[in-house]
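# Notes for the structure review
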Amino acid sequence: MIVLTFLLFLITVLLAFLPINHTGKLSEIFLIVIGAFLILFSGFRIGSQFPDYSSYLILYEDIKSGDVIVELSFVFIAKFVHFVFNNVLFVFLIYAVLGVSLKLAAIKQLTNLWLLSVVVYVANFFILHEMIQIRVGVAAAFLLLCVKPIYDRDVKKFLLFALLAIFFHISALIILPLWFLGKFKDKANLYFLTALVPAAYVIYFLKVTVLNFIPIPYVQDKLDLYAALQELGTADFFTDINVFNYVFLAKILIFYFLLYKHKLLMTHNKYTIVLLNIYAVSLFMYPALAMMPVLAGRVNELLGIVEIILFPLLYYIISPRYISVVIVVVWSLGILLINIFKSSLII
């Protein structure tokens, strides 16, 4: 499995280095072919070495026999698969089709650097979402599709995509406030973006939390469950996170560098400010929600999906251009190695 993962990554890297028109038909064909391989890889994976794999098998069996606390989307998909195919493999395949195809559609919509964005996607979020957190994976795809409606101030499309994201994972409720970030270009927004990460660390050191005051029964049930599992020391529900780890600090530095160059980036990608706003909230959530590590990580990863579009924008800043491609590829390779180690795909 590790060999196939690296092979997929290597193919995307080679395509990103090819001197082809990223907005041309050839790159679009490459995008479709890569998407097909990713769907097959994710949809037909089998094995307990994948985190959450056995959990989904248990959920599938529980849904067949009774009610469970899980998003309605999974209930509908599981019941559909049970009655039509009676094979849990098709649950993974359906989620793979949705997660991969919607993300690639969003990439095509939001950037001209399709192939470079796919490199970042394959190295990081493909493993995190399509191979592990499949419900979050679909929600994250709809979040990406929310970027254009936020920029265009199209509230109907925004609400449609946001509600679909929530339908697939409850953590996507965090998408709704993103509408108010809008496409601000004034100094107040710049100050907001600059101050958000330091504010998160202030909250972290003061140990402030408002999680116990969310007046939504289903959400509160989830939080109570996470808290109980955390106290018991259940696997994956660790009791602490390192908000000063090197990867997270590097992401903060990249964010501020992109923010510093936002005027230049806006000439190449009109969605830059919206993407930076979402990414700032993503970085904010990690330290601010550190009292609930699992929630902090999942919300950070959900909103952090915009890295797929943002990080390749270094292409417009760093010269010569091939150096910027190398930087994105090296970063992605490092993240890929970390993900393989953390997700135990090396087994």
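Our structure's up above, just so we're on the same page.
Residues numbered from 1 in each chain as written. Predicted model: local features only at pLDDT ≥ 70, side-chain atom pairs only at ≥ 80, totals over all residues. Heavy atoms only, no water.

### Brief notes about the overall build of the chain
Assigned secondary structure in the chain consists of 16 helices and zero strands. A separation threshold of at least 6 residues defines the contact pool for the chain, and within that pool the share at least 24 residues apart is 76%. As displayed, the chain offers around 15,900 Å² of accessible surface, 71% of which is attributable to carbon and sulfur atoms. (Helix = DSSP H or I, 4+ residues; strand = E, 2+ residues; numbered from the N terminus. Contact = heavy atoms within 4.5 Å. Areas by Shrake-Rupley, 256 points an atom, 1.4 Å probe, with all protein chains shown as cover.)

### Some words on helix α9 (residues 187-206)
The end-to-end C-alpha distance of α9, which contains 20 residues, comes to 28 Å, matching closely the 28 Å that a straight helix rising 1.5 Å per residue would cover. The largest bend in α9 comes to about 35°, at leucine 196, with the proline proline 198 one to four residues further on. Of the positions making up α9, those classed as buried are Asn189, Leu193, Leu196, Val197, Ala200 and Tyr201. On the buried face of α9, the contacting elements are α11 (246-260) and α13 (272-288). One or two residues past the end of α9 sits lysine 207, with phi positive at roughly 55°. (Expected span 1.5 Å × (residues − 1). Bend = angle between axes of the 7 residues up to and from the residue. Buried < 20%, exposed > 50% of the residue type's maximum accessible area, 1.4 Å probe, protein only.)

### A short note on a nonpolar patch on the surface
On the surface, Phe17, Tyr322, Ile323, Val326, Ile327 and Val330 cluster together into a nonpolar patch covering about 520 Å² of accessible area. The biggest single contributor to the nonpolar patch is helix α16 (residues 321-342), with five residues. For valine 326, the location among the structural elements is in helix α16. Note on valine 326: relative accessible area 33%, which makes it partly exposed. (Patch = residues over 30% accessible without salt bridge, like charges linked within 9 Å, V, L, I, M, F, W, Y side chains within 5 Å. Salt bridge = Lys/Arg side-chain N within 4 Å of Asp/Glu carboxyl O.)

### Observations regarding the side chain of asparagine 277
With respect to the element layout, asparagine 277 can be found in helix α13. The class for asparagine 277 is buried, based on a relative accessible area of 0%. Separated by 3.0 Å, the side chains of asparagine 277 and asparagine 189 make a polar contact. In this structure, asparagine 277 is in contact with Leu181, Asn189, Phe192 and Leu193, ignoring residues within four places of it in sequence. (Polar contact = N/O pair within 3.5 Å; in protein donor to acceptor, adjacent residues only side chain to side chain.)

### Describing α13
For α13, spanning 17 residues, the distance from its first C-alpha to its last is 24 Å, which sits close to the expected 24 Å at 1.5 Å a residue. Burial analysis of α13 places 17 of its 17 residues in the buried class, which makes it a mostly covered element.

### Some thoughts on unusual backbone geometry
The omega torsion of the bond from serine 319 to proline 320 falls at -10°, within 30 degrees of zero and hence cis. Tracing the chain through its elements places proline 320 in the loop between α15 (307-310) and α16. The phi dihedral of arginine 153 is positive, around 60°, even though this residue is not glycine. Along the chain, arginine 153 falls in the loop between α7 (134-152) and α8 (155-168). The partly exposed category is assigned to arginine 153, whose relative accessible area is 36%.

### Regarding the packing of aromatic side chains
Applying the stated criterion across every chain, the model contains 24 aromatic pairs. Ring centres of phenylalanine 205 and phenylalanine 244 lie 6.1 Å apart, and the angle between their planes is 35°; on these two criteria the pair is classed as tilted. With phenylalanine 205 in helix α9 and phenylalanine 244 in the loop between α10 (217-232) and α11, this pair connects stretches of sequence that are 39 residues apart. Residue phenylalanine 244 is classed as partly exposed on the basis of its relative accessible area, which comes to 39%. (Phe/Tyr/Trp six-rings, centres within 6.5 Å; stacked < 30°, edge-to-face > 60°.)

### Quick notes on the environment of isoleucine 203
By the element assignment, isoleucine 203 lies in helix α9. Sequence-wise, isoleucine 203 and alanine 288 are 85 residues apart; in three dimensions their C-alpha atoms are separated by 5.6 Å.

### Here's the deal with the environment of histidine 268
The topology assignment puts histidine 268 in helix α12 (residues 262-268). For the pair histidine 268 and tyrosine 316, spaced 48 residues apart in sequence, the C-alpha to C-alpha distance is 7.5 Å.

### A closer look at the pattern of salt bridges
The full count for this structure, using the stated rule, is four salt bridges. One salt bridge in this structure joins arginine 135 and glutamate 71, with 2.3 Å as the shortest N-O distance. On the criterion of sequence distance, the pair formed by arginine 135 in helix α7 and glutamate 71 in the loop between α3 (53-65) and α4 (72-84) is long-range, its members being 64 residues apart. Both residues of the pair, arginine 135 and glutamate 71, count as buried. One salt bridge connects lysine 103 with glutamate 130, and the closest N-O pair in it is separated by 2.9 Å. Here lysine 103, found in helix α5 (residues 89-110), pairs with glutamate 130, found in helix α6 (residues 114-130); they are 27 residues apart in sequence, far enough to count as distant. A residue is classified by how much of its surface remains accessible, and glutamate 130, at 2% relative accessible area, is buried.

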